[in-house]
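Survey of secondary and tertiary structure
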Amino acid sequence: MKITINNQKIAVKEGQTILEVARQNKIDIPTLCYHSDLTIQASCRLCLVEIEGRPGLYTSCSTKVEDGLVVKTESENIARARKINLELLFAQHREECADCIYHGRCQALKICRQLKGKINGFTDRKKDKPTFKFGPALEFDSSKCIDCRLCVDMCHRQGIDFLELEYHDGLYEVVPSKDPKKDCIYCGQCLMHCPVGAFEGVGEYEAIEKPLQEEGKTVVFQFAPSIRTTIGEEFGMPYGSVVTGHLFAGIHALGAKAFDTSIAADVTTVEEAKELVERLEKKEPLPMFTSCCPGWVKFCEFYYPEFIPNLTTVRSPHMIMGGLIKTYWAQKEGLDPKNIIVVSIMPCLAKKYDITREELWLDKGALKPVDYVLTTREFAQLLRKRKINLKEVKPEEPVAPFPLPTGAGVIYGASGGVMESALRTAYEKITGKTLPQLEFKNVRGLQGVKKAVVDIAGRKLKVAVVNGTINARKILAELKIDPHAYDYIEVMACLGGCIGGGGQPVPVNEEIRQQRAASLYQVDEKSVIRCAHNSPFVKNLYQEYFNNQDNIKKICHTTFKKKNKEVNR
Amino acid sequence: MNLDLIQKIAQVNLLGRGGAAFPTAKKWEMVKNEPGKQKYVICNVSEGEPKVYKDGYILENYPQELISGILLAMKTIGGSAKGFLYLRKDYYQKYQEKFLKIIGSAPIEIFCEPGGYLGGDESAACEAIEGRCTEPRQKPPYPTQKGLWGCPTLINNAETLYYVDKIFKNSYKNTRLYSVNGNVEKSGVYEFNVDLTIAQVLKENCNFPKIDFFVQVGGGASGRILLANELDQPVSGAGSITVYDQKKTDPYQLMQEWSEFFVRENCDKCTPCREGTLRIREMVAKKKLEVKVLQDLFFVLEQTSFCSLGKSVPTPFYDLLTKVMGIKL
């Protein structure tokens, strides 16, 4: 099958849309309401094209190819219609360009320049619309919303339906739900899929300098496993660029200490493998769920509290790291933990919520393991503000006592990584033998649900790896029918795991997530040590500090509780 | 000659009476030829256009004939067809009990339309019955191919199905129902020959105005505006004629009513319709019409709206502005 676009003959497959074909062939068609992850909205009416022999204009995002179609993507009529519609869209959007997650990469402005349109062709009709705050994690500024409804679709695809349409004076508007049975889990996938930056993290970007403004404190930044393959995008580097050394250098340039959270991921792995083995021996409560994703934890606590006993009690890596910094490291350095500020650079908005959970605070609330969470985007903005270009800094090495992590600690950032790391360690724990093949390829990849049976010394371990909370619903439904369907389940709320998290650079799509994840696995492959329990740091830590159960319990474990609706309006 | 029902419908050239005038026989043929065990028939009684009352008139006076028309459609399209009587909310409240009795054990479900004007759109009706937001679907596929729950679905206006029953009984006399109202002596629903001109319909019933007037034809919101010297043509759309006193009618008030209607009744999905109708309303309310802006808005509404509601918005405004108010657009 062939079609012609702007005199160019192109071979196409049935089912493709004109837009898909055009983009594959580098023919630019402007869109705002199109996202390859989501349902075709066909609502912005910018991707208009002409089709020979048919009257009028067609939206290329929703028009399927047919053999012999002759398409024009540029004409006077097309340009006029696109420009008017774009100006109508801008009439809904209160511009706040200096403080926008798309800084410099705004699609709407780019299209506007191409079409020579005006951003103020009409008065901003939404300028007095409210901002809704979703807990300590994110905000929705409805004065910027262009009604594309991608966020509503995304929230629906997460199985949450917290964002919905409400009818006011003849208009449907996107609002957070008042339904007591629906609550935000802070995954931030709405933000990642909003084309105009109507969502942002709490404090993004007005509070990014706060951690550095506290006087007389030692400031420690730790960065999550996934950050090393995503933050480069914020500085114009190619997708999947590995910038671990740059991160150390960038943090040092801020005058702060820099630690790699992956180090603590190795601790999480060791503890989690230990817990898994214990649960397998006791045969309960099984299956065990991972709990390092705070979006998933909130989801479980709010929607499925009956599964709380199944969550591993092991804390997420940045919490363990924060705890270690304020106890183990503070002792080594002779510092008063009260004078240490820990900042986590996270791919995640739910981590902003995570640090407010009292059950994670130490010494009965006197000591918070982590004081601030900055997202990847926020940290990039902080560097830019301090004129530090991550692309140009000379990469640096980590400093003792927190050396390089294992490969296992790095792959935490991709869906399946926690599972794979834990399996590497659990295998050796159970069998006493070295794994012949370290890679568990069937738990890797971006598909929403991955299932595998792992043979550990004759015992068939049934595992599932899930990303996207709607897929968690499917697995939980399966468990309600057959409680023994699985032994161990990893859940990440965001698409693709942390590399697609709500704190990551925008835009994002399947290809970008793929490249971010692939680079993490490459780091693992190149690592000399690839199993958490073989980490010299971990071994040393268990000899020096985790030689008593109290310390382990305090730093590494937590509790969960049933949650009522938190985000009201 | 023994013709089947579709052939009979084709022979009398029955056109859809919901407003779009699509050949009924052709639509039936399409659904009939579509493979699939499960098929559906929806009798559309959304009647969302203001000043159109003919479907309500059928519900009141010819319920038996209407149900008979639905059953004939179900039988003709094949498969194990199920029927829906898709009623506007007030019609539902008024006629539900009456129809329950008539339907008895036949596989026809009475459905109360949740939405307004847009609920009359074929694909939006499918969305509504499936329990989703009343919004139009992307076409193709058309409901004849994939309608309710992905099954071939025949959607006909109530008047169309009423006449199908007459065609089946060989008593169809090439007539249709006209809603005549506004500044007339005797407003009401009348049955006349389909070929009558607007002037003839008005004259037939001594409704022809003696004042200076203009009419809106085919629907009280999206219908065309015609002057007294333009009435030598058949009635289009949903078959309504609304007469306006040229001297006493405030065109701004009329446009205000239309724009309120469109702002309220559209689904707010696509940019031109959501934003365009709002901006028209804004300008009309301020009585400050900017020709260039109106031209732009009409252009994108007509050319780029998602569904036919948006595409039809400029029609009455354009007519009124150019013909009655003498504004050059």
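Procedures and definitions
- Residues numbered from 1 in each chain as written.
- Chains lettered and ligands numbered in written order.
- Predicted model: local features only at pLDDT ≥ 70, side-chain atom pairs only at ≥ 80, totals over all residues.
- Helix = DSSP H or I, 4+ residues; strand = E, 2+ residues; numbered from the N terminus.
- Rg over C-alpha atoms; globule rule 2.2 N^0.38 Å.
- Buried ≥ 20, exposed ≤ 12 C-beta atoms within 10 Å, placed from the backbone.
- Contact = placed C-beta atoms within 7 Å.
- Nonpolar A, V, L, I, M, F, W, Y, C, P; charged D, E, K, R; others polar.
- Domains from an automatic or database assignment.

1. Section: the overall build of chain A
The secondary structure content of chain A amounts to 17 helices and 18 strands. Relative to a compact globule of 569 residues, whose C-alpha radius of gyration would be 25 Å, chain A shows 24 Å and is just as compact. Along the first, second and third principal axes, the C-alpha set of chain A runs to 75 × 55 × 50 Å. Counting only residues that meet the buried cut, chain A has 52% of its 569 residues in that class. Of the contacts made within chain A by residues no fewer than 6 positions apart, 73% connect residues no fewer than 24 positions apart.

2. Describing the interface of chain B and chain A
Counting from both sides, the interface comprises 19 residues of chain B and, opposite them, 22 residues of chain A. Those elements that place two or more of their residues in the side of chain B that touches chain A are α9 (251-265), α10 (271-286) and α11 (291-304) of chain B. Sorting elements by how many residues they give to the side of chain B that touches chain A places α10 of chain B first, with seven residues. Taken together, the residues of the side of chain B that touches chain A sort by class into seven nonpolar, five polar and seven charged.

3. Details of the environment of tryptophan 149 of chain B
Among the secondary structure elements, tryptophan 149 of chain B is positioned in the loop between α6 (122-129) and β4 (153-157). Separated by 104 residues in the primary sequence, tryptophan 149 of chain B and valine 45 of chain B place their C-alpha atoms 20 Å from one another.

4. Focus on the domain arrangement of chain A
Residue and element names in this part refer to chain A. If you check the domain split of chain A, you get domain 1 (2-90), domain 2 (97-201) and domain 3 (210-556). Placing the centre of domain 2 and that of domain 3 at their C-alpha centroids yields a distance of 29 Å. Taken together, the contact pairs 19 residues of domain 2 with 23 residues of domain 3. Considering each element in turn, the side of domain 2 that touches domain 3 owes the most residues, three residues, to helix α5 (residues 189-193). Split by residue class, the side of domain 2 that touches domain 3 holds 11 nonpolar, six polar and two charged.

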